[in-house]
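Topology and contacts: notes
Okay, here's what each chain looks like letter by letter:
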Amino acid sequence: MLLKSMPSRSDPGHGIGFLLADSSRMLRRIFNERVTPLGLTQAQWRALVHLSRNEGLNQVSLADLLEVQPITVARLIDKLVAAGLVERRPDPNDRRALRLFLTEQATPLLERIWDIAEETYSVVLAGFSPEECELLADMMARMRGNLTTLLPGCASRAAATK
């Protein structure tokens, strides 16, 4: 039944995966172009956004969120520390580990990033009702949840919670 609702293989440009990937790529490119004048690279603004949502992460956890190697995050954080936007603090539970926190200098920059996001989404979602936006977000969250069951190591956790 699911396959009947899917687009034909002769029209891959209308497949869900293609549409999601293409939309994501374009959105990331547009957003990156709008944030670049703030003096941030894509990796830097993404790290700041993740830290704003998860302050106190360690570098390995941030690397997982950014889908890069921990050594890459170490160099990225070095630059953000040098710019005064992030600070490393000792982990109270592990004296060998450090946790990452935003500084006060990061606050106005993040506020501008959120403003740019709001401006961008107002164009991206033009013509969508608030109800449609909420429905789209709900459906995408459900899809993401379903996808986690297919990730390595996630299938066994999903089976265990049923």
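See the structure above.
Throughout what follows, the structure given in this document is the object of discussion.

Criteria and thresholds
- Residues numbered from 1 in each chain as written.
- Predicted model: local features only at pLDDT ≥ 70, side-chain atom pairs only at ≥ 80, totals over all residues.
- Heavy atoms only, no water.
- Phe/Tyr/Trp six-rings, centres within 6.5 Å; stacked < 30°, edge-to-face > 60°.
- Helix = DSSP H or I, 4+ residues; strand = E, 2+ residues; numbered from the N terminus.
- Buried < 20%, exposed > 50% of the residue type's maximum accessible area, 1.4 Å probe, protein only.
- Lys NZ or Arg CZ within 6 Å of the ring centre and 35° of its normal.
- Axes fitted to C-alpha atoms, helices over the stretch in contact; angles between N-to-C directions.
- Parallel < 35°, antiparallel > 145°, perpendicular 65-115°, else oblique.
- Contact = heavy atoms within 4.5 Å.
- Nonpolar A, V, L, I, M, F, W, Y, C, P; charged D, E, K, R; others polar.
- Patch = residues over 30% accessible without salt bridge, like charges linked within 9 Å, V, L, I, M, F, W, Y side chains within 5 Å.
- Areas by Shrake-Rupley, 256 points an atom, 1.4 Å probe, with all protein chains shown as cover.
- Salt bridge = Lys/Arg side-chain N within 4 Å of Asp/Glu carboxyl O.
- Lys, Arg positive; Asp, Glu negative; His and termini not counted.
- Charge placed at Lys NZ, Arg CZ, Asp CG, Glu CD.
- Core = buried A, V, L, I, M, F, W, Y, C linked by side-chain atoms within 4.5 Å.

1. Some points on the packing of aromatic side chains
- One pass over the structure, following the stated rule, counts 1 aromatic pair.
- Ring geometry for F31 against W45: centres 4.6 Å apart, planes inclined by 70 degrees, an arrangement best described as edge-to-face. Note that F31 is positioned in helix α2 (residues 16-35) and W45 in helix α3 (residues 42-53), a separation of 14 residues in sequence.
- Accessibility expressed as a relative area gives 9% for F31, which makes it buried.
- Between the NZ or CZ atom of R89 and the centre of the ring of F101, over which it lies, the distance is 4.0 Å.

2. Looking at the packing of α3 against helix α6 (residues 106-124)
- At a minimum axis separation of 11 Å, α3 and α6 run at an interaxial angle of 100 degrees. Comparing their axes, α6 and α3 come out roughly perpendicular. Between α3, through W45, L48, V49, S52 and R53, and α6, the contact on the second element is made entirely by L109, L110, I113 and W114.
- The residue makeup of the contact of α3 with α6, split by class, is 7 nonpolar, 1 polar and 1 charged.

3. Comments concerning a negative patch on the surface
- Negative charge collects at one region of the surface, where E131, E132, E134 and D138 lie side by side.
- Summarising the element assignment, E132 is placed in helix α7 (residues 130-148).
- Note on E132: relative accessible area 41%, which makes it partly exposed.

4. Looking at a nonpolar patch on the surface
- Nonpolar side chains collect at one region of the surface, where I16, L20, F128, L135, L136, M139 and M140 lie side by side and expose about 580 Å² of accessible area between them.
- Counting residues per element, the ones that place at least two in the nonpolar patch are α2 and α7.
- Considering each element in turn, the nonpolar patch owes the most residues, 4 residues, to α7.
- Residue placement: I16 occurs in helix α2.
- Here I16 falls in the partly exposed class, since its relative accessible area comes to 41%.

5. Details of the nonpolar core
- Counting 26 residues, the largest nonpolar core has L40, L48, L62, L80, L85, V86 and I113 as its most contacted members.
- Among the elements that line this core, the one with the most residues is α6, at 6 residues.
- Apart from residues lying up to four places away in sequence, L40 is in contact with V35, W45, L48, L85, L109 and I113.

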